[in-house]
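Results of the structural survey
Here is how the chains run, residue by residue.
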Amino acid sequence: MSVQKEVKRITTNTLQEMKNRGEKISMLTAYDYSMAKIVDQAGIDVILVGDSASNVMAGHETTLPITLDQMIYHAQSVVRAAKRSLIVVDMPFGSYQGNSKEALNSAIRIMKETGGHAVKMEGGEEIKDSIQRILTAGIPVMGHLGLTPQSIYKFGTYQVRAKDQEEADRLIHDAKLLDECGCFAIVLEKIPANLAERVAKEVRVPVIGIGAGAAVDGQVLVLHDMLGITQEFSPRFLRRYMNAGEMMMEAVSHYVKDVKNVEFPNDSEQY
Ligand code: KIV
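Residues numbered from 1 in each chain as written. Predicted model: local features only at pLDDT ≥ 70, side-chain atom pairs only at ≥ 80, totals over all residues. Heavy atoms only, no water.

Surveying the vicinity of the ligand reveals the residues Thr29, Leu48, Gly50, Asp51, Ser52, Asp90, Lys120, His144, Glu189, Ile210 and Val222. Ser52 has a polar side-chain atom sitting 2.5 Å from an oxygen atom of the ligand. About the coverage of the ligand: the protein hides 95% of its 260 Å² of free accessible area. Of the residues belonging to the shell around the ligand, the class tally is 3 nonpolar, 4 polar and 4 charged. (Near = heavy atom within 4 Å. Polar contact = N/O pair within 3.5 Å; in protein donor to acceptor, adjacent residues only side chain to side chain. Areas by Shrake-Rupley, 256 points an atom, 1.4 Å probe, with all protein chains shown as cover. Nonpolar A, V, L, I, M, F, W, Y, C, P; charged D, E, K, R; others polar.)

Structure below.
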């Protein structure tokens, strides 16, 4: 009889305990079963089913086109794979900005249909009612401030946010508001490191950065960027841990050559 080893699931409480004892939180995106299985087994704390799937999986220029149904499909695949990580699912553009009832319905669909553990929403004061209503239903919410890609047409550029005092003050205000509302963590994207450090010190909940320096409570990257599968995206904050894009290209062209030269399959690769 084989004995299955129990894997202890990371929860929102685990993340708070990690912040309290100064242990950094690791987070990566995943959008499908096979990748999520590898990421989970490698020991990641949080898997984000990001709406960056719109770019990475579907090839759209922005995160705006991805739908709630498509996010649910990606999240279902990730949930089937991940045994240990906390799974956070992005609420896509248009699924929560309208009104708080619509936001709650979208969040409930995500939780019911995917088995994910929490949702992530971009924005502060302007979506406070929706966040509160979702939290009241018992659904954990991760906030997201700074460069919020769903607002790219308002910003007009993907450059660093909150460099001026007015925007920095607004960001600090929003971070404190998300903390007080009961969000369990906040993502800060592409803002000055000293501002992110200040936010991480001033809010109780974990702050997870992407392009927000080292003094926050954890880091998140888009999986396909850090693996080097996406080639065209090279912001300063991105560290590529391998060049999987080149390795995959080499493997595929090797296969094409073998097929053309009838070197695949060989005698031992057939029945
Ligand atoms: O969708 C996403 O991948 C994200 C991360 C960049 C934080 O929101």
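This brings us to the domain arrangement of the protein chain. Each domain of the protein chain was delimited in the assignment, giving domain 1 (3–240) and domain 2 (243–271). The gap between the C-alpha centroids of domain 1 and domain 2 is 38 Å. On the domain 2 side, the residues contacting the 4 residues of domain 1 number 5 residues. For the pair domain 1 and domain 2, the summed buried surface comes to about 280 Å²; carbon and sulfur atoms form 54% of the total. For the domain 1 face of the interface with domain 2, the top three residues by lost area are Leu227, Ile229 and Gln231, together amounting to 82%. Where domain 1 touches domain 2, the interface holds 0 salt bridges. (Domains from an automatic or database assignment. Contact = heavy atoms within 4.5 Å. Buried area = accessible area lost by both parts, 1.4 Å probe. Salt bridge = Lys/Arg side-chain N within 4 Å of Asp/Glu carboxyl O.)

The next point concerns the pairing of strand β3 (residues 86–90). Burial within β3 is extensive, with 5 of its 5 residues counted as buried. Of the two faces of β3, both are covered, the one formed by Leu86, Val88 and Asp90 as well as the one formed by Ile87 and Val89. As paired strands, strand β2 (residues 46–49) and β3 are joined by 4 bridges and run parallel to one another. Bridging from a neighbouring strand, Val46 pairs with Leu86 of β3. Judged from the 3 bridges that link them, β3 and strand β4 (residues 118–122) form a sheet pairing that is parallel. (Buried < 20%, exposed > 50% of the residue type's maximum accessible area, 1.4 Å probe, protein only. Helix = DSSP H or I, 4+ residues; strand = E, 2+ residues; numbered from the N terminus. Pairing = 2+ DSSP bridges.)

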